[in-house]
Amino acid sequence: EAGVTQSPTHLIKTRGQQATLRCSPISGHTSVYWYQQALGLGLQFLLWYDEGEERNRGNFPPRFSGRQFPNYSSELNVNALELEDSALYLCASSSGQGSTDTQYFGPGTRLTVL
Amino acid sequence: QQPVQSPQAVILREGEDAVINCSSSKALYSVHWYRQKHGEAPVFLMILLKGGEQKGHEKISASFNEKKQQSSLYLTASQLSYSGTYFCGTEGGSGGSNYKLTFGKGTLLTVNP
C-alpha cells in the first residue's frame, strides 16, 4: 500500500513569491492535515481538510491557505512568502475524523525562502 | 497550548530504559505519540484516550494520567533503532469534530551501542 506522498521534495522561493505544495493521501483516507515543522518549534498544526472542506486551522495568517480535491489530494498555498516561512511542511492523512484516527505522515516538502 | 515534553534530550546505552513525559496545562482528551528519525517523516507509536483506552503497536508502552493532564512514554530495553525525536500530540476538551493535535517540541533520544 502506497503511503502519503508529497511534492516537490524541495522548493526554493524568494520573499514575496507564492509557494504551492501538494499532498496525496493514502488510498481510502479522506482527511488531510498540514503541519509546519520549523527548527526548534516542533510540529505546528496548519490546516485540516476532510471530505473537501476545511474543518479546522491553526494559528497561522490567512496567507496560508489550501484546498482538498474530489480525489482527496490536497494543496497548501503560501502567499507573500516571508523568510520565517522556511521550514519542513508535512502532510498527514487519516481514514476519518476524530481522536482515535492515526495520522500517517508523508516525507515532507522542504521550503526555503531566500 | 503547546504541551511540554521532558526531558529535552536523553542519551542511553543499548538495553537501558527511558521515560519521556508530556504535560499539558489543559484537560486532555487524547494523547498521540510519534517518533521521527532524522530526515524522515514522523511515525505513529501510540494513542491514549481519556477513560483508559489505548491503541498502539511496537514494544513500547505509555500511560495517561487524566488528573495530572500528563502522559508518559516508556521505552524498555532500548535498541539502537529507538533513536530519534519523540513527539507527543495532545487533543483537549471532549474530542470530536474539532479534532486538532497540538504537538510538543520533542525529546531527542539517542541510543548508543
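Novice: Looking at this model, I keep getting lost on the pattern of salt bridges. Mind explaining?
Specialist: Side chains carrying opposite charge are able to pair once their charged atoms draw close together. Residue and element names in this part refer to chain A. Under the criterion given, the structure shown has 6 salt bridges over all chains. Arg-22 serves as the salt-bridge partner of Glu-75, at 3.7 Å between the closest nitrogen and oxygen. Of the two residues, Glu-75 is situated in strand β8 (residues 74–78) and Arg-22 in strand β3 (residues 19–24); the sequence distance between them amounts to 53 residues. Linking Glu-53 and Arg-55 is a salt bridge whose minimum nitrogen-to-oxygen distance equals 3.9 Å.

Novice: In this structure, what is going on with the state of the cysteines? I would like to understand it.
Specialist: Working definition of a disulfide: a covalent bond connecting the sulfur atoms of two cysteines. Counted under the stated rule, the structure contains 2 disulfides over all chains. With its sulfur 1.8 Å from that of its partner, A:Cys23 forms a disulfide with A:Cys91. Residues A:Cys23 and A:Cys91 are joined by a disulfide whose S-S torsion is about -55°; by sign, that bridge is left-handed. Pair noted here: A:Cys23 is in strand β3 and A:Cys91 is in strand β9 (residues 87–94), with a separation of 68 residues, a long-range link. Here the two residues A:Cys23 and A:Cys91 agree in accessibility, since each one is buried. Across the disulfide from B:Cys22 sits B:Cys88; the S-S distance is 2.0 Å. Negative torsions about the S-S bond denote left-handed disulfides, and the value of about 75° found for B:Cys22 with B:Cys88 makes this one right-handed. A residue pair is termed long-range when its members are at least 10 positions apart, and B:Cys22 in strand β3 (residues 18–23) and B:Cys88 in strand β9 (residues 84–92) qualify at 66 residues. Judged on exposure class, the residue B:Cys22 and its partner B:Cys88 are both buried.

Novice: I would appreciate a short explanation of the sheet that holds β3(A) in the present structure.
Specialist: Picture the strands of a sheet paired through backbone hydrogen bonds; they go either parallel or antiparallel. Residue and element names in this part refer to chain A. The strand order β1-β3-β8-β7 describes an open sheet built from 4 strands, whose pairing is antiparallel. Edge positions in the sheet fall to β1 (5–7) and β7 (64–68), since each has one partner strand and no second. Strand-to-strand twist of the sheet, defined as the mean angle between neighbouring strand axes without regard to direction, takes the value 20°. Two strands pair when backbone bridges link them, and β7 and β8 are joined in this way by 5 bridges, in the antiparallel orientation. The residue bridging Arg-67 from the neighbouring strand is Glu-75, located in β8.

Novice: Is there a simple way to explain the packing of aromatic side chains in this structure?
Specialist: Each aromatic ring pair is summarised here by two numbers: the centre-to-centre distance and the angle between the ring planes. Tallying each qualifying case throughout the model produces 8 aromatic pairs over all chains. With 5.3 Å between their ring centres and 85° between their planes, A:Phe105 and B:Tyr34 make a pair best called edge-to-face. Here B:Tyr34 lies in strand β4 (residues 28–36) and A:Phe105 lies in strand β10 (residues 104–105), a pairing that spans two chains. You'll find A:Phe105 and B:Tyr34 in the same group, each marked buried. A centroid spacing of 6.0 Å and a plane angle of 75° characterise the contact between B:Tyr34 and B:Phe44, whose relative ring orientation is edge-to-face. Highlighted residues: B:Tyr34 in strand β4 and B:Phe44 in strand β5 (residues 43–49), separated in sequence by 10 residues. The exposure class assigned to B:Tyr34 is buried, which follows from its relative accessible area of 0%. Through pairs of rings, three or more aromatic residues link up here, namely A:Tyr35, A:Phe45, A:Phe105, B:Tyr34, B:Phe44 and B:Phe103.

About the criteria used
- Residues numbered from 1 in each chain as written.
- Chains lettered and ligands numbered in written order.
- Predicted model: local features only at pLDDT ≥ 70, side-chain atom pairs only at ≥ 80, totals over all residues.
- Heavy atoms only, no water.
- Salt bridge = Lys/Arg side-chain N within 4 Å of Asp/Glu carboxyl O.
- Helix = DSSP H or I, 4+ residues; strand = E, 2+ residues; numbered from the N terminus.
- Disulfide = S-S within 2.5 Å.
- Buried < 20%, exposed > 50% of the residue type's maximum accessible area, 1.4 Å probe, protein only.
- Pairing = 2+ DSSP bridges.
- Axes fitted to C-alpha atoms, helices over the stretch in contact; angles between N-to-C directions.
- Phe/Tyr/Trp six-rings, centres within 6.5 Å; stacked < 30°, edge-to-face > 60°.

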